[in-house]
Amino acid sequence: MPTRAAGLAGTWAGAWLLLVALLFAPAHAQQTREDFARSLPASDFTSGQVRDDAKRFLAAPGFANARVAVNPLAAGAQPVGEKVCIACHQLESEHFTHTVHALGLHAAAQADPSIPVCESCHGPGSEHARNPAGKGSIIGYTRTSATPVQQQTEVCLTCHTGGAREHWAGSVHQRNALSCSDCHNPMANFSGQGLLARRSINDTCAQCHQDVRQQFGRRSHMPLAEGQMSCADCHNPHGTLTAPLLKTATVNETCYTCHAEKRGPFLFEHAPVRESCLNCHTPHGSNQHALLVAPVPLLCQQCHSQLGHPNDLQTPASLANGAHPDERLIGRACLTCHAQVHGSNAPSGPKFHE
């Protein structure tokens, strides 16, 4: 009891002292305009601090790390600077000026004059300036240059490493000795994005994949020609863990990115569908309905024979205008009855009727 009384007395004493301090405290003077201005951040865009900040912002994180590329074929060459390069390569400079590489390197060079522009990709230019016709005096990015493809790619990967290029080593494009410059042209804006060697991603891929380009011209095809998708929607040309450079681990996962309704899970699953979409469909283009690899019911008969139906091989004679019309070949053939061929959640749907 005495302890509690002592605590209450201390509380009342503290409150009384606070009240006395508030009553007898001197009144604060009203804040002036000068005081208010001093409390605000600096807004003078001509101040030295702002200029220093601008230089720091100009040095973009990626381009600020640019260094003179190493050229093993001209080990004794020295950097000469961009102006020496432009003295001869005026046309190339005009094409290069408006690219993202030029804008980034020039901005970084304004913040740090030691950052190279041309020589960050082509290596030191003193040997080339002394003997312009000498092979290998600078790093070239054409098939006719003396620079090996591996060296060309290594220079690009100096900045463009990781990310989408994580699995470039060992990919089908790397194994076939493709150079970055086979698909990209960093010296000109031929495409809207990616500094591609052609107008679009699809045109760039079609340089080599002519057979696939022909498939997109078939009756049923993915809407690449209509501009609704591109090769890069399904493939990563810079390398993945799959042989066809798919952006996902499996064919089905790639298809499910757009066809989510086919993913399931289903109460009754169709085994070939769950195994791979390619069992029934061709991914690029087909002359059959819905990208099918063969017309129904011939496609279905590849697996289903003597199961629930007479063992009759359906032929063109079984068409509606044939010699022996068969109702199983009229309309949508097998799909007329087995409409939910990708899977069914109906309790009475083990045959994919509903």
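Here the residue index of a chain counts from 1 through its sequence in written order. This being a predicted model, a pLDDT of at least 70 is required before a residue's local features are given, and a value of 80 or more before pairs of side-chain atoms are given or counted; all residues contribute to the totals for chains, interfaces and linings. Side-chain numbers come from the whole structure's heavy atoms, not from hydrogens or water.

Student: Help me get a handle on the overall build of the protein chain, residues and values and all.
Tutor: Each helix and strand counted, the protein chain has 16 helices and four strands in total. Buried positions account for 26% of the 354 residues belonging to the protein chain. A contact between two residues is defined here by any heavy atoms of the two lying within 4.5 Å. Contacts in the protein chain between residues at least 24 apart in sequence constitute 51% of all its contacts with a sequence separation of at least 6. What counts as a helix is a DSSP run of H or I of at least four residues, what counts as a strand is a run of E of at least two, and both are numbered from the N terminus. Note on exposure labels: buried denotes an accessible area under 20% of the residue type's maximum, exposed denotes more than 50%, and partly exposed covers the range between, all computed with a 1.4 Å probe on protein chains only.

Student: Let's hear about the environment of Phe 216: which residues, and what values?
Tutor: As for its placement among the helices and strands, Phe 216 is situated in the loop between α13 (210-215) and β1 (220-221). Between the C-alpha atom of Phe 216 and that of His 284, which follows or precedes it by 68 residues, the distance is 5.8 Å. Apart from the residues within four sequence positions on either side, Phe 216 is in contact with His 221, Met 222, Leu 224 and His 284.

Student: Before we move on, can you summarise the pattern of salt bridges with the specific residues and values?
Tutor: We count a salt bridge whenever a side-chain nitrogen from Lys or Arg sits within 4 Å of a carboxyl oxygen from Asp or Glu. On inspection of all chains with the given rule, the structure shows six salt bridges. With its nearest N and O atoms 2.9 Å apart, the salt bridge here joins Arg 274 to Glu 269.

Student: If you had to explain unusual backbone geometry to someone new, which residues and values would you point to?
Tutor: With omega at 5 degrees, the peptide bond leading from Gly 264 into Pro 265 counts as cis. By the element assignment, Pro 265 lies in the loop between α14 (251-256) and β2 (268-269). Note that the residue after Val 296, namely Pro 297, is joined by a cis bond; omega there is 10 degrees. Counting through the fold element by element, Pro 297 comes out in the loop between β3 (285-286) and α16 (298-301). The phi dihedral of Leu 245 is positive, around 60 degrees, even though this residue is not glycine. The residue Ala 290 is not glycine, and still its phi comes out positive at about 55 degrees. Mapped onto the fold, Ala 290 is located in the loop between β3 and α16.

Student: I'd like a rundown of the nonpolar core, residues and numbers included.
Tutor: Proteins that are soluble and globular tend to have nonpolar side chains buried together. Residue types Ala, Val, Leu, Ile, Met, Phe, Trp, Tyr and Cys, when buried and joined through side-chain atoms within 4.5 Å, form a set referred to as a nonpolar core. Counting residues in hydrophobic clusters, the biggest one holds eight residues: Ala 64, Ala 66, Phe 96, Ala 102, Leu 105, Ala 108, Ile 115 and Val 117. The dominant element in this core, judged by the number of residues it contributes, is helix α6 (residues 100-111), at three residues. Setting aside chain neighbours within four positions, we find Leu 105 in contact with Phe 63, Ala 66, Phe 96, Pro 116, Val 117 and Ser 120. Counting residues in hydrophobic clusters, the runner-up holds five residues, among them Val 212, Phe 216, Leu 224 and Met 229.

Student: Residues and numbers for the environment of Phe 266, please.
Tutor: For Phe 266, the location among the structural elements is in the loop between α14 and β2. Overall, the relative accessible area of 16% leaves Phe 266 in the buried class. Along the sequence, Phe 266 and Asn 345 sit 79 residues apart, while their C-alpha atoms lie 5.3 Å from each other.

Student: Describe in detail α6, supporting the description with residues and values.
Tutor: Residue count minus one, scaled by 1.5 Å, sets the expected span of a helix. The end-to-end C-alpha distance of α6 is 17 Å, a good match for the 16 Å that twelve residues give at a rise of 1.5 Å each. Here α6 has its buried residues at His 101, Ala 102, Gly 104, Leu 105, Ala 107 and Ala 108.

Student: Tell me about the state of the cysteines, and name the residues and values.
Tutor: Cysteine sulfur pairs qualify as disulfides if the two atoms are within 2.5 Å. Summed over the entire model, instances satisfying the criterion amount to zero disulfides. Lacking any disulfide linkage, Cys 121 is separated from the closest cysteine sulfur, that of Cys 156, by 6.8 Å. No disulfide involves Cys 205; its sulfur sits 4.0 Å from the nearest other cysteine sulfur, which is in Cys 231.

Student: Describe helix α9 (residues 149-157), naming the residues involved and giving the relevant values.
Tutor: Within α9, the full set of buried residues consists of Gln 151, Gln 152, Thr 153 and Val 155. Buried residues in α9 make contact with α7 (119-122) and α11 (180-183).

Student: For the environment of Ser 200, give the residues involved together with the corresponding values.
Tutor: With respect to the element layout, Ser 200 can be found in the loop between α11 and α12 (201-205). For the pair Ser 200 and Phe 190, spaced ten residues apart in sequence, the C-alpha separation works out to 8.4 Å. Of note is the side chain of Ser 200, whose polar atom sits 3.2 Å from the backbone nitrogen of Asp 203. Counting of polar contacts relies on pairs of N or O atoms within 3.5 Å, with two restrictions inside protein: one atom must be capable of donating a hydrogen and the other of accepting it, and residues adjacent in sequence are counted only when both atoms are side-chain atoms.

Student: Can you tell me about the side chain of Thr 99, naming the residues and giving the values?
Tutor: Following the sequence through the fold, Thr 99 ends up in the loop between α5 (90-96) and α6. The exposure class of Thr 99 is buried, given its relative accessible area of 0%.

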